[in-house]
Amino acid sequence: MAEPIVKIRELTKLYSQGEIQVTALDRITLDIAAGEFLALMGPSGSGKSTLLHIIAGVDRPTSGQCLVQGVDVTKLNESQLADWRNQNVGFIFQTFNLIPVLTAAENVELPLLLTRLSRTQRRKQVETALEVVGLADRAKHLPRQLSGGQEQRVAIARALVTDPALIVADEPTGNLDSHSAQEVLSALQALRKDAGKTIIMVTHDPKAAAFGTRQIHLEKGELSQ
Amino acid sequence: MALPLTYNFRNVLVRWRATLATILGIGLVVAVFVLVQALAVGLEKSASNTGDPRNIMIVRKGSTAESTSMVSLAQLQIIRYWEQIARNEAGVPLVSADVITLISQPRIDGRGEANVSVRGLTPVGMALRPQVKLISGRWFTPGKREVAVSQKMARRFAGFHVGDSFRTAGNTLTVVGEFDGSNSAFDSEVWMDADETRSLFDRQNYSSLLVRAASPQAGQEIVSRIEADKRLPLLAGPEVKYYGDQTATAMPIKILGNFLATAMSIGAVFAAMNTMYASVGSRTREIGTLRVLGFRRRTILAGFIIEGALLAAIGGVVGCLLALPLHGVSTGTMSFNSFSETVFEFRITPWLAAKGMIFAVVVGIIGSLLPAIRASRLPVITALKSV
Ligand SMILES: Nc1ncnc2c1ncn2[C@@H]1O[C@H](COP(=O)(O)OP(=O)(O)O)[C@@H](O)[C@H]1O
Ligand SMILES: [Mg+2]
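This write-up is about the structure you can find in this document. Computed from a predicted model, the values in this text were never measured in an experiment.

Consider a sheet: its strands pair through backbone hydrogen bonds, and that pairing is either parallel or antiparallel. Residue and element names in this part refer to chain A. Pairing is antiparallel across the open sheet formed by 4 strands, whose spatial order is β2-β1-β4-β5. Strands with a single pairing partner mark the edges of an open sheet, and in this sheet they are β2 (20-32) and β5 (71-72). Relative to strand β4 (residues 63-68), strand β1 (residues 6-17) is paired through 5 bridges, and the arrangement is antiparallel. From the neighbouring strand, T12 faces β4, where its bridge partner is S63. Across the sheet, helix α1 (residues 48-55) is in contact with β1, β2 and β4; its angle to β1 comes to roughly 125°.

Dropping the structure here:
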């Protein structure tokens with residue numbers, strides 16, 4: 001078997017709230033192969049987001065290893081992490097998190113502003129990304145002029161515009177009606193099939209999880225199968 | 001790499017309702033700042049329009065104003081025929097022995113009375129001050145109780161228009177002409193015949209001498225000759241310098257203005273700070289999102305400072321627009337030099353407007369500093385989890 005794209009070893013995350021210690025993640029060990037569409041399931045508070053944030057280089061574990069494409073993200077400093085996220089991860093949020101004052105195209109362009117690409121190259125990549133999610137005709141629209149499903153597809157375009165190997169999504173359909181959810185999930189599925197992206201998606205909806213190639217469950221910070 | 005400026009600009013605009021009070025507040029402070037400076041500029045302009053580089057002004061040593069100065073007839077006779085003094089075609093030395101006296105006159109708007117400077121002078125004195133031009137009526141006739149009044153004073157005091165007459169020192173004076181002093185100190189004066197002034201106000205002496213030097217070299221000689229002469233306890237110097245020193249009048253205005261602007265700008269800084277804290281607060285998740293996308297702390301920091309500066313710059317434009325209608329408007333104040341009404345114009349120069357804008361931007365930058373630091377210090381995960 002090829003080297004996994006994500007290699008997690010004994011990953012632990014503790015939160016101390018005064019006297020009480022909360023174990024958000026308890027010695028998790030997990031491999032994710034390149035090209036997988038992993039559905040990360042589990043009840044609320046089981047540690048799904050925490051795990052996703054650590055893999056995406058947004059949060060830090062208390063102990064353990066997390067290697068992404070051979071890089072131990074837990075060892076990178078702040079600014080190295082910022083650059084690493086920009087180049088290697090596309091992040092999709094439950095609440096879309098588009099910048100309200102920027103148009104769809106400008107939102108998608110944001111991560112490219114940190115690259116060395118020329119303006120024309122950026123424009124071209126933004127156009128392509130919006131075409132992939134079927135929203136080329138909405139490039140000049142502001143987020144509030146879009147439906148929830150369209151907003152989330154713009155967010156997907158923003159996540160894939162830098163062509164990262166890894167795309168992570170935290171309950172991407174949590175705020176959507178079933179029709180829009182269907183569109184978003186299909187878009188993610190297409191990314192895996194057509195572009196060979198590795199996708200990790202947190203969800204507690206079994207129907208959404210069914211779009212994945214593998215489902216794993218978290219329960220009180222531990223993998224339960 | 002910085003965030004695009006349009007991002008900051010639209011964020012300021014999109015919140016215009018919430019930021020309106022701050023923009024107006026900063027605008028007001030800038031308007032006050034610009035107007036006070038415009039007064040000082042007007043005063044300085046008035047001084048610089050007054051002197052002629054060829055003229056030498058002679059006053060009593062130790063006098064702080066022309067009206068408190070004294071030059072005796074004997075002193076005038078010593079100086080009058082010096083060869084360093086230029087003469088006109090008729091061979092008359094260009095010496096103007098002036099009498100300055102203060103009269104109390106009611107203001108046109110009924111706000112009580114104020115002192116007005118009356119200058120008694122001769123045709124030679126008028127020839128030495130060519131910037132003063134008659135604009136209506138005629139000049140006074142020597143031997144008659146007639147005066148000419150500056151148009152700016154005519155607009156501020158009762159009974160000062162052509163055809164009007166007013167009573168002073170037990171006599172009635174008739175206004176026969178109005179003149180324009182080209183924004184010089186003479187805009188604050190009433191002019192009449194020198195001998196007439198001396199008899200009317202019972203003066204033996206003159207207040208000051210203004211002489212035209214035959215050459216720059218001769219001018220210096222006049223100054224040193226007076227300095228050296230024991231019989232002349234007088235002080236001579238270039239007329240330009242004399243009026244330039246009078247701009248000391250502008251100093252209290254400047255100090256008061258700077259104090260006012262400083263006090264108000266502290267308020268404006270807090271207003272900007274408040275607005276920027278609110279902006280940071282309502283955009284915490286947006287900050288988190290930008291950080292996840294790879295933007296650095298310092299980019300976020302710079303972004304919010306730029307936004308504060310933009311916000312304040314809009315306030316600065318508002319302030320300049322508020323101040324602008326007063327450009328060229330003349331106003332007056334009691335001068336602590338002459339103890340009489342001094343009129344001058346608000347002069348808003350481009351440099352002054354630029355200073356107002358710089359002032360606004362500085363206020364914005366200081367006000368946004370702490371909120372911007374807070375925004376940039378937020379841990380990514382904390383920012384992301386905020387609602
Ligand atoms: N900043 C925090 N401080 C304290 N406890 C936290 C913090 N963030 C998360 N937790 C706790 O960690 C556990 C896992 O949280 P999370 O990963 O968000 O769960 P999920 O995404 O599965 O709902 C929960 O018990 C939660 O209360
Ligand atoms: Mg969660």
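With that settled, the discussion passes to the pattern of salt bridges. For the structure on display, the rule yields 34 salt bridges over all chains. A:K7 is the partner of A:E3 in a salt bridge, and the nearest nitrogen-oxygen pair spans 3.3 Å. What makes A:K7 partly exposed here is its relative accessible area of 26%. A:K75 is the salt-bridge partner of A:D72, the closest N and O atoms lying 3.1 Å from each other. Accessibility expressed as a relative area gives 14% for A:D72, which makes it buried. Its relative accessible area of 63% is what places A:K75 among the exposed residues. Here the salt bridges share partners, and the residues they tie into one network are B:E66, B:D98, B:R119, B:R129 and B:E189.

Once that is clear, we can look at the sheet that holds strand β7 (residues 166-170) of chain A. Residues and elements named next belong to chain A. In space, the 6 strands of this open sheet follow the order β6-β7-β8-β3-β9-β10, with mixed pairing throughout. The outermost strands of the open sheet, each flanked by one partner alone, are β6 (89-92) and β10 (222-223). Packed onto the sheet, helix α5 (residues 148-160) meets β6 and β7 and runs at close to 165° relative to β6.

Let us look at the site of ligand 1. Close to ligand 1 lie 13 residues; A:G45, A:K48, A:S49, A:T50 and B:K385 are nearest. Chain contributions to the surroundings of ligand 1 come from chains A and B. At a separation of 2.7 Å, an oxygen atom of ligand 1 approaches a polar backbone atom of A:G45. Contacts to ligand 1 include A:S49, whose side-chain N or O atom sits 2.8 Å from an oxygen atom. Contact with the protein chains removes 68% of the 560 Å² of surface that ligand 1 exposes when unbound. At the level of elements, β1, β2 and α1 of chain A are the ones that each hand at least two residues to the shell around ligand 1. Here the element with the most residues in the shell around ligand 1 is α1(A); it accounts for 3 residues. Split into classes, the residues belonging to the shell around ligand 1 amount to 4 nonpolar, 7 polar and 2 charged.

A few words on the layout of surface pockets. Volume-wise, the largest pocket comes out at about 500 Å³. Going through the elements one at a time, α1 of chain A together with α13 (380-385) of chain B are the ones with two or more residues in the lining of the largest pocket. Per-class residue counts for the lining of the largest pocket are 7 nonpolar, 12 polar and 5 charged. Taken as a whole, the second largest pocket spans an internal volume of roughly 430 Å³. Taken together, 17 residues make up the lining of the second largest pocket; nearest its centre are A:T103, A:A105, A:E106, A:E109 and A:R123. Of the residues forming the lining of the second largest pocket, the biggest block, 6 residues, is contributed by helix α4 (residues 119-132) of chain A. By residue class, the composition of the lining of the second largest pocket is 8 nonpolar, 2 polar and 7 charged.

About the thresholds
Residues numbered from 1 in each chain as written. Chains lettered and ligands numbered in written order. Predicted model: local features only at pLDDT ≥ 70, side-chain atom pairs only at ≥ 80, totals over all residues. Heavy atoms only, no water. Pairing = 2+ DSSP bridges. Helix = DSSP H or I, 4+ residues; strand = E, 2+ residues; numbered from the N terminus. Contact = heavy atoms within 4.5 Å. Axes fitted to C-alpha atoms, helices over the stretch in contact; angles between N-to-C directions. Salt bridge = Lys/Arg side-chain N within 4 Å of Asp/Glu carboxyl O. Buried < 20%, exposed > 50% of the residue type's maximum accessible area, 1.4 Å probe, protein only. Near = heavy atom within 4 Å. Polar contact = N/O pair within 3.5 Å; in protein donor to acceptor, adjacent residues only side chain to side chain. Areas by Shrake-Rupley, 256 points an atom, 1.4 Å probe, with all protein chains shown as cover. Nonpolar A, V, L, I, M, F, W, Y, C, P; charged D, E, K, R; others polar. 1 Å grid on protein atoms, 1.4 Å probe; cavity = no way out; pocket = protein on both sides within 12 Å on 5 of 7 lines; lining within 4 Å. Points joined across faces, edges and corners; volume = space filled by probe spheres on them.

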